[in-house]
Amino acid sequence: MRGIGAPELTYIVFAARWTILLSVMALVGGGFFGAVLTLAGISRSRRVRLVVTGFVQLVQGTPLLILLLLAYFGLSASGLELGALLSSALALTLYAGAFLTTIWQAAIDAIRPGQWEGAAALGLRRSQQLRLVILPQAVRLALPPTCGFVVQAIKNTSLASIIGFIELTRAGQIVSNATFQPLAAFGVVAALYFLLCLPFTLLTEWLEGRQTNLLKGHAR
Amino acid sequence: MNAASHPRCWRSVLGAFAFFALSIAGAHAQTFDAIQKRGKLLAAINLAAPPFGTTDSQMEPAGYDVDMAKLLAKDLGVSLEIVPVTNESRIPTLLTGKADVIISVLQITPERAKSVMFSSPYGMHQSLVFAPAETKIASLADLSGKRVGVARGSVYSNILAQAAIPGMQIIQFGDDSATLNALVAGQVDAVGTVTFLANELKKRYPDRHFEQKVALQDNIYAMGVRRGDFDFLRWLNTFIFVHHHDGEIARSYEKWMGEPLRNLPTF
């Protein structure tokens with residue numbers, strides 16, 4: 001058994017590109033999906049709202065692991081072959097979409113009804129009320145928790161290792177089993193996750209701080 | 001993520017997929033022709049299972065299973081693509097058509113034979129119980145009251161579970177590395193492992209005086225293909241017969257296992 005050297009470190013660092021790619025696919029896909037669901041969720045049709053709520057509850061109530069297994073094995077068992085990357089991305093997209101919907105819906109709900117009413121009183125159509133009055137305020141509220149969720153999503157890409165997909169965590173397992181030095185191997189893996197998440201953690205903190213200051217400003 | 005910490009729970013989920021996939025397995029009956037047409041062999045190998053599937057000093061796939069897969073692709077006259085799997089995802093990966101064959105220390109069991117067809121064995125080794133010298137284990141019965149570490153989905157975990165020693169606590173870890181390091185850290189009293197890994201651990205921690213305790217039942221493993229893939233199965237058996245005869249299998253086995261290959265039984 002050998003120690004951890006340059007080839008092992010390179011292997012882990014290069015595997016991080018799959019973690020990054022998975023995170024980007026999940027967040028772009030999930031962001032788009034979440035936006036559509038959020039808008040559908042404030043629809044005046046009760047049926048549409050019910051569908052959105054049902055879907056969000058279903059995805060949030062299913063462990064991400066099961067979603068991954070369903071996307072990887074379940075889909076190809078029913079004849080659709082997506083490969084490890086795309087099926088992991090699909091599962092993570094559903095997951096991110098459902099959670100972002102909850103975050104964004106909450107942000108819109110937090111805007112006082114008076115804002116809608118005021119906008120309506122100005123003669124704005126519902127789409128204009130949303131675009132010009134509600135969303136600018138809601139986006140500001142939603143930003144910090146969205147950034148916080150990005151950190152969750154990045155870390156949860158590690159579950160793709162279960163199906164054998166060689167992203168950061170699986171690379172760590174492979175190096176750990178080639179060198180029998182799990183502490184060093186997973187130490188490097190943990191450090192890389194930390195580096196990937198750090199910008200978003202800092203951003204969340206900064207946004208939260210800014211929001212607190214803004215709220216204080218309003219109070220005065 | 002409770003499911004992740006309950007291997008049984010999600011193993012049954014995988015089992016459900018495997019069962020589901022069985023219904024379409026028939027559609028893949030022409031694997032042998034498909035490989036030729038594709039010009040590529042898709043072999044499912046766990047690369048975190050030394051010395052069978054592991055990586056060399058350049059982080060390229062290596063090991064006994066990898067050697068077998070390379071030889072297989074060479075004889076088929078096609079290129080090799082390793083489909084990385086974990087122990088638990090081996091069979092679902094095969095059954096859902098993501099790989100042509102499992103070459104990943106797949107122990108032959110009647111249970112597994114319900115979902116895959118086994119080739120003739122290409123390897124066999126004794127699993128053993130490995131522990132510090134001061135731990136008294138003279139027979140399997142002495143494992144009663146002990147914490148025994150095994151890699152999840154590994155042969156040791158199956159064999160020890162079958163032994164059903166009263167009072168023995170089987171602790172499952174993610175892989176061999178975690179299992180052996182748990183022994184080093186004292187989190188378990190003994191582990192189930194193979195001679196090769198036991199020797200490596202002795203070399204690395206000479207002051208810990210680890211020693212082999214009890215030999216477990218032989219683990220005999222073979223390549224696995226989808227049910228109904230008789231053409232490919234026949235080809236695999238021919239391959240194993242030929243390289244058993246020319247000594248290629250024995251040479252590779254000795255290189256990776258550090259011990260000579262005993263006489264392999266065949267079907």
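Given the structure is predicted, the values throughout are model-derived calculations rather than measurements.

Draft legend 1. Molecular detail of the overall build of chain B. A count of helical and extended segments in chain B gives 10 helices and 10 strands. Among the 267 residues that make up chain B, the fraction classed as buried is 47%.

Draft legend 2. Unusual backbone geometry, seen in detail. The peptide bond linking B:Pro50 to B:Pro51 adopts the cis configuration, its omega dihedral lying at 0°. Tracing the backbone through its elements, the reader meets B:Pro51 in the loop between strand 1 (40–45) and strand 2 (54–55). Unusually for a residue other than glycine, A:Phe180 sits at a positive phi of about 55°. Positive phi, normally seen in glycine, also occurs at B:Met59, with a value near 65°.

Draft legend 3. View of the domain arrangement of chain B. Residues and elements named next belong to chain B. Partitioning chain B into domains gives domain 1 (8–124 + 220–257) and domain 2 (125–218). Placing the centre of domain 1 and that of domain 2 at their C-alpha centroids yields a distance of 26 Å. Across the contact, 13 residues belong to domain 1 and 12 residues belong to domain 2. Split by residue class, the side of domain 1 that touches domain 2 holds 8 nonpolar, 4 polar and 1 charged.

Draft legend 4. Spotlight on helix 6 (residues 155–163) of chain B. All names here are of chain B. Of the positions making up helix 6, those classed as buried are Val155, Tyr156, Ser157 and Leu160. If you follow the buried residues of helix 6, they end up packed against strand 5 (101–107), strand 6 (116–132), strand 7 (147–151), strand 8 (169–173), strand 9 (190–194) and strand 10 (210–226). A positive phi of about 45° marks alanine 164, the residue just after helix 6.

Draft legend 5. Seen up close, helix 8 (residues 195–204) of chain B. Residue and element names in this part refer to chain B. Within helix 8 the residues assigned to the buried category are Leu197, Ala198 and Leu201. For helix 8, the arc enclosing every buried residue in end-on projection is 105°, short of the 170-degree limit, so these residues lie on one face. Looking at the packing, one finds that the buried side of helix 8 touches strand 6, helix 7 (176–184), strand 9 and strand 10.

Draft legend 6. Expanded view of the pairing of strand 10 of chain B. Residue and element names in this part refer to chain B. Summarising the sheet, strand 5 and strand 10 pair through 3 bridges and their orientation is antiparallel. By the bridge assignment for strand 10, isoleucine 102 is matched with glycine 224. By the bridge criterion, 13 bridges tie strand 6 to strand 10 in an arrangement that is antiparallel. What sits directly across from methionine 124, in strand 10, is isoleucine 220.

Draft legend 7. Seen up close, the interface of chain B and chain A. With 37 residues of chain B at the contact, the number on the chain A side is 25 residues. Of all the secondary-structure elements, those providing two or more residues to the side of chain B that touches chain A are helix 1 (2–5), helix 2 (7–25), strand 2, helix 7 and helix 8 of chain B. Sorting elements by how many residues they give to the side of chain B that touches chain A places helix 2 of chain B first, with 7 residues. Within the side of chain B that touches chain A, the residues separate by chemical class into 20 nonpolar, 12 polar and 5 charged.

Draft legend 8. Quick peek at the nonpolar core. Grouped together as the largest cluster of nonpolar side chains are 125 residues, with contacts concentrated most on A:Leu68, A:Ala91, A:Tyr95, B:Ala43, B:Ile45, B:Ile102 and B:Ala190. The leading source of residues in this core is helix 4 (residues 83–109) of chain A, at 14 residues. Taken domain by domain, the makeup of this core includes at least three residues from each of domain 1 (8–124 + 220–257) and domain 2 (125–218) of chain B. Filtering out sequence-adjacent residues up to four positions away, A:Tyr95 remains in contact with A:Val59, A:Leu64 and A:Leu67.

Draft legend 9. Geometry of the packing of helix 1 (residues 6–41) of chain A against helix 7 (residues 168–179) of chain A. All names here are of chain A. Taken N-terminus to C-terminus, the directions of helix 1 and helix 7 make an angle of 160°; their axes are 8 Å apart at the nearest point. By the criterion of interaxial angle, the relationship of helix 1 to helix 7 is roughly antiparallel. The element helix 1 and its partner helix 7 pack so that their crossing is right-handed. Residue-level contacts link Glu8, Tyr11, Ile12, Ala15, Ala16 and Thr19 of helix 1 to Leu168, Ala171, Gly172, Val175 and Thr179 of helix 7.

Draft legend 10. Spatial organisation of the sheet that holds strand 9 of chain B. All names here are of chain B. Pairing is mixed across the open sheet formed by 8 strands, whose spatial order is 4-1-5-10-6-9-7-8. Here the strands that pair on one side only, and so sit at the sheet edges, are strand 4 (79–84) and strand 8. Geometrically, the sheet is characterised by an average inter-axis angle of 30° between neighbouring strands, direction not taken into account. Bridging between strand 6 and strand 9 involves 4 bridges; their strand directions are antiparallel.

Draft legend 11. Layout of the packing of helix 2 (residues 46–60) of chain A against helix 4 of chain A. All names here are of chain A. Where helix 2 contacts helix 4, the two axes come as close as 9 Å, and the packing angle between them is 120°. Classed by the angle they form, the pair helix 2 and helix 4 counts as oblique. Between helix 2 and helix 4 lies a crossing of left-handed hand. Contacts between helix 2 and helix 4 involve Val56, Val59 and Gln60 from the first element and Leu94, Tyr95, Ala98, Phe99, Thr101 and Thr102 from the second. In terms of residue class, the contact of helix 2 with helix 4 is made up of 6 nonpolar, 3 polar and no charged.

Draft legend 12. Just the pairing of strand 7 of chain B, in detail. All names here are of chain B. Counted residue by residue, strand 7 has 4 buried out of 5 residues, so it is predominantly covered. Sheet analysis places strand 7 next to strand 8, joined by 5 bridges and oriented parallel. Each residue of the ladder has a partner; that of arginine 147, found in strand 8, is glutamine 169. Here 2 bridges tie strand 7 to strand 9, and the two strands are oriented parallel to one another. Residue pairing for strand 9: valine 148 is matched across the bridge by alanine 190.

Basis of the calculations
- Residues numbered from 1 in each chain as written.
- Chains lettered and ligands numbered in written order.
- Predicted model: local features only at pLDDT ≥ 70, side-chain atom pairs only at ≥ 80, totals over all residues.
- Helix = DSSP H or I, 4+ residues; strand = E, 2+ residues; numbered from the N terminus.
- Buried ≥ 20, exposed ≤ 12 C-beta atoms within 10 Å, placed from the backbone.
- Domains from an automatic or database assignment.
- Contact = placed C-beta atoms within 7 Å.
- Nonpolar A, V, L, I, M, F, W, Y, C, P; charged D, E, K, R; others polar.
- Arc of directions from axis to C-beta.
- Pairing = 2+ DSSP bridges.
- Core = buried A, V, L, I, M, F, W, Y, C linked by C-beta atoms within 7 Å.
- Axes fitted to C-alpha atoms, helices over the stretch in contact; angles between N-to-C directions.
- Parallel < 35°, antiparallel > 145°, perpendicular 65-115°, else oblique.
- Left-handed = near helix turned anticlockwise from the far one by under 90°.

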